[in-house]
Structure formats: structure tokens, C-alpha cells
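Letter by letter, the chains look like this.
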Amino acid sequence: MPVMSDPITLEVVSKRLGEREVLKSVSFAVKTGDVFGYLGPNGAGKTTTIRILLGLLELTSGKANILGEDVSRDEARRKVGFALEQDGLYENKTAWENLSYYAWIYEVAESAERIDKVLDLVGLQDRANDRVGTYSKGMKQRLALARAMIHDPELLILDEPTSGVDPSGQREVREVILNMAHGEGKTIFLSSHNLDEVQRICNRIALIDRGEIKLCGELEQLQQEMSNREVVIETAEITSEPLFAELKSIPRLGLQEGRGRSLIFVPQEGVKVPEIVSFLVGRGVGIEGVSRKKASLEEIYATILEKAELS
Ligand SMILES: Nc1ncnc2c1ncn2[C@@H]1O[C@H](COP(=O)(O)OP(=O)(O)O)[C@@H](O)[C@H]1O
Ligand SMILES: [Mg+2]
């Protein structure tokens, strides 16, 4: 349930661009403290949503709030920091000069101290006086994050923050984002088409495809719900042929295969893991471990988008 004080709420937001409905009744809420991943393939509508949140584009219908204010109001934008795909940095100026300019725009008090602080946050202090044109893509992205943080906003909105950055640069950008969330206490909304990245840093996600939200919720919970219910039981010894056959003859247990000392089950609906365990114990089997496989975000994504293609 979205509540008024949530950092971001969208309620049945639609956006028409020319003949096309680019967003179709999009609803979701970002909670305080979230690192929220807005995931979707290219052209899904992520940047359009972000432009609406930042008041750069008007919505056609519905309602969108940031920090309790309608997105059309300036009050909301002042408490938000953002980094869009075009990084908006001046290449022929130094990092310090860039930040100094934005500090002036945002009327930051004690700007020199703040600039030092944000440079430190993104690990660019020793490059502060180099021209941005000499920076790698990853460094530019980190500088864009520093700029987004210049006025100490409550909420950061980041459009594909690691897009086009090499793997080691991506790791640095991710670390900066996590530090902003957990060290600096910021709520973060980021868009991405990178599943691995979202799985690593986000606690909540929304999946958008062709302008529609297909899935939304706590990542951990979605992974549990969307798991294929596979249960792996480690036994002390390799299961004997007769016991294996007996297990196989009980369809409700859903024995799939034996792999060394592991037995792999996909139990039928309503069968609980302890039932399988006590069955095995009853046959004198030593149990060394039980684990349930969580669905990876990649599997979730594939399942959802496959469904979308069929519908
Ligand atoms: N100014 C525009 N006019 C018409 N269509 C647009 C415009 N901007 C974006 N689109 C279309 O809207 C869809 C969503 O775009 P976008 O929000 O940029 O997607 P994403 O950021 O998820 O890649 C795309 O199909 C894109 O072609
Ligand atoms: Mg985009």
C-alpha cells in the first residue's frame, strides 16, 4: 500500500507520446531506505518514468508524488538528487569547478566543505583538479553521483548509473551507491537493464516491460515465491537403489534425481519439506543438510517476460 510519506508513489500513471502509450497505468511505491531497482529492457519506459518524476515531462493521466509533493511542484525537486543518462558535466572544467557550479545552482551553504565531502564519498578527491574530459566513463558516473548529492537530498534518482561503464568501474559505482544508501541514509531509485546489478544492490524492484509493470515487490520475497520449489537434501551416504526406487514411486514427494549424496525434489503442492525429511529419517537415512533454491532474478525475469510474450 502506498502511503503519503513514501519517497515515491505512482498511481495509475499513463503517458502518451504521439500515438503511443509509453506508460500504461503504472503504479508502485518506493519506501524510505529502499534501494529500489526499476528494471526493464531498452524502450520499456524507464527514462520516461524518471522524466515524469523529475517534472521534466508531464504525465497524461494518474498521479505521481515525490517526498509527499506532486511532481509538478518545485518543492519536491529541491529534495531530490538525480543523475540522468546524459551526465550533464562540463568536460573542459575540473571536477571541483563542476561541483562548484552545481553548488551555486542549489544554493549550497559552506559549499567548499560540501564539495570536499561529496568528492570523498565518490572517491575522487585526488582527481578534483583534473579536467572531466580526462576521466573514464566510470569516474564521470561517480562525479555525476557526487553532483546528485551536492545539496544533501533525501532521495536519489539515477537513470542507468552503470550503463556503458566497464566492469571494474561498475563495481566502484555500485559501492558508491550502496554507501550513499547505507552510510548516508539516502533512499535510492535506480533504473537498470542489468539483472545482476539489481540483484546485487536492490532490496525492492519493479519490472517494467512495454510500459506495463509486470512485477513489483521485495526482491527476497519474489525470489522465494518464484522459486521452482526445488529442494536439495544432502544425505550422509549415497541413497541405495531400492530406497531410490521407493522414493520415486511416491509422486507427491517429487523426487527428481540423485546427484552424489544429494537428493533433489520438487515436491507437489501442499507437501512440506519436513515430511520428506522424516520419511528419509524413518528409512534410516542420515540428513546432513536441507536447502531450497531461490529463483535468481534472471529466472524471474525470463518467466515474466515469457508470459508477457504469450499474452
Ligand atoms: N519523445 C518521444 N516521442 C515518442 N516516443 C518516445 C519519445 N521518447 C521515448 N519514446 C519511446 O518511448 C518508449 C520508452 O522509452 P524510454 O522511457 O526511453 O525507455 P527506457 O528508458 O526503458 O529504455 C520507447 O519505445 C521510446 O521509443
Ligand atoms: Mg532509458
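The rules behind the values
- Residues numbered from 1 in each chain as written.
- Chains lettered and ligands numbered in written order.
- Predicted model: local features only at pLDDT ≥ 70, side-chain atom pairs only at ≥ 80, totals over all residues.
- Helix = DSSP H or I, 4+ residues; strand = E, 2+ residues; numbered from the N terminus.
- Rg over C-alpha atoms; globule rule 2.2 N^0.38 Å.
- Contact = placed C-beta atoms within 7 Å.
- Near = placed C-beta within 6 Å.
- Nonpolar A, V, L, I, M, F, W, Y, C, P; charged D, E, K, R; others polar.
- Axes fitted to C-alpha atoms, helices over the stretch in contact; angles between N-to-C directions.
- Parallel < 35°, antiparallel > 145°, perpendicular 65-115°, else oblique.
- Left-handed = near helix turned anticlockwise from the far one by under 90°.
- Domains from an automatic or database assignment.
- Pairing = 2+ DSSP bridges.
- Buried ≥ 20, exposed ≤ 12 C-beta atoms within 10 Å, placed from the backbone.

A few words on the overall build of the protein chain. Scanning the protein chain from terminus to terminus reveals 11 helices and 14 strands. Relative to the 2.2 N^0.38 estimate, which gives 19 Å for 311 residues, the radius of gyration of the protein chain is 24 Å and therefore markedly larger than a compact globule would have. Seen through its principal axes, the protein chain has C-alpha atoms that stretch 80 × 45 × 30 Å. Within the protein chain, contacts between residues at least 6 apart in sequence are counted, and of these 68% link residues at least 24 apart.

With that out of the way, let us pick up the site of ligand 1. As a structural note, the neighbourhood of ligand 1 is formed by Leu17, Gly18, Arg20, Val22, Gly40, Asn42, Gly43, Ala44, Gly45, Lys46, Thr47 and Thr48. Elements supplying a minimum of two residues to the shell around ligand 1: strand 2 (20-30) and helix 1 (46-53). Top contributing element to the shell around ligand 1 by residue count: helix 1, with 3 residues. Taken together, the residues that form the shell around ligand 1 break down as 3 nonpolar, 7 polar and 2 charged.

This paragraph deals with the packing of helix 3 (residues 95-105) against helix 4 (residues 111-121). A packed helix pair is summarised by two numbers, namely the angle formed by the two axes and the spacing between the axes. Orientation of helix 3 relative to helix 4, taken along the N-to-C sense of each, is 125°, at an axis distance of 10 Å. Relative to helix 4, helix 3 is oriented oblique. Crossing of helix 3 against helix 4: the hand is right-handed. Across the interface between the two elements, Ala95, Trp96, Leu99, Ser100 and Ala103 of helix 3 pack against Ser111, Arg114, Ile115, Val118 and Leu119 of helix 4. Here the residues of the contact of helix 3 with helix 4 are counted per class, giving 7 nonpolar, 2 polar and 1 charged.

Take the environment of Arg259 next. Relative to the assigned elements, Arg259 resides in strand 12 (residues 255-259). In this structure, the C-alpha to C-alpha distance between Arg259 and Glu234, residues 25 residues apart in sequence, is 9.5 Å.

To continue, consider the domain arrangement of the protein chain. Domain annotation of the protein chain identifies domain 1 (8-216) and domain 2 (228-292). Look at where the C-alpha atoms of domain 1 and domain 2 centre, and you get two points 47 Å apart.

This part is about the sheet that holds strand 11 (residues 231-235). Overall, antiparallel pairing links the 4 strands, which are arranged 12-13-11-14 in an open sheet. One side of each edge strand has no neighbouring strand; the edge strands of this open sheet are strand 12 and strand 14 (287-292). Taking each pair of neighbouring strands and ignoring which way they run, the sheet shows an average axis angle of 20°. The pairing of strand 11 with strand 13 (residues 262-265) spans 4 bridges and is classified as antiparallel. Its bridge partner lying in strand 13, Val232 is registered against Ile264. Against the sheet, helix 10 (residues 273-282) engages strand 11, strand 13 and strand 14, with an angle of about 160° to strand 14.

By secondary structure assignment, the location of Ala245 is in helix 9 (residues 241-248). According to the C-beta neighbour criterion, Ala245 is exposed, with 11 such atoms within 10 Å. Expressed as a C-alpha distance, the spacing of Ala245 and Arg147, which sit 98 residues apart in the sequence, is 64 Å.

Let's shift gears to the sheet that holds strand 8 (residues 187-192). Here 6 strands make up an open sheet; going across it, the order is 6-7-8-3-9-10 and the pairing mixed. Pairing within the sheet leaves two strands with one partner each, and these edge strands are strand 6 (80-83) and strand 10 (212-218). The mean inter-strand angle of the sheet, taken between neighbouring strand axes irrespective of direction, is 15°. Against the sheet, helix 1 engages strand 3 (35-39), strand 7 (155-159), strand 8 and strand 9 (204-209), with an angle of about 145° to strand 7.

Here we come to the packing of helix 5 (residues 137-148) against helix 6 (residues 167-183). Contact geometry of helix 5 with helix 6 gives a least axis separation of 9 Å together with a crossing angle of 15°. If you check the angle between helix 5 and helix 6, you find them roughly parallel. Note that helix 5 runs across helix 6; the crossing there is right-handed. The residues of helix 6 that touch helix 5, namely those facing Lys137, Gly138, Gln141, Arg142 and Leu145, are Gly169, Gln170, Glu172, Val173 and Val176. Taken together, the residues of the contact of helix 5 with helix 6 break down into 3 nonpolar, 4 polar and 3 charged.

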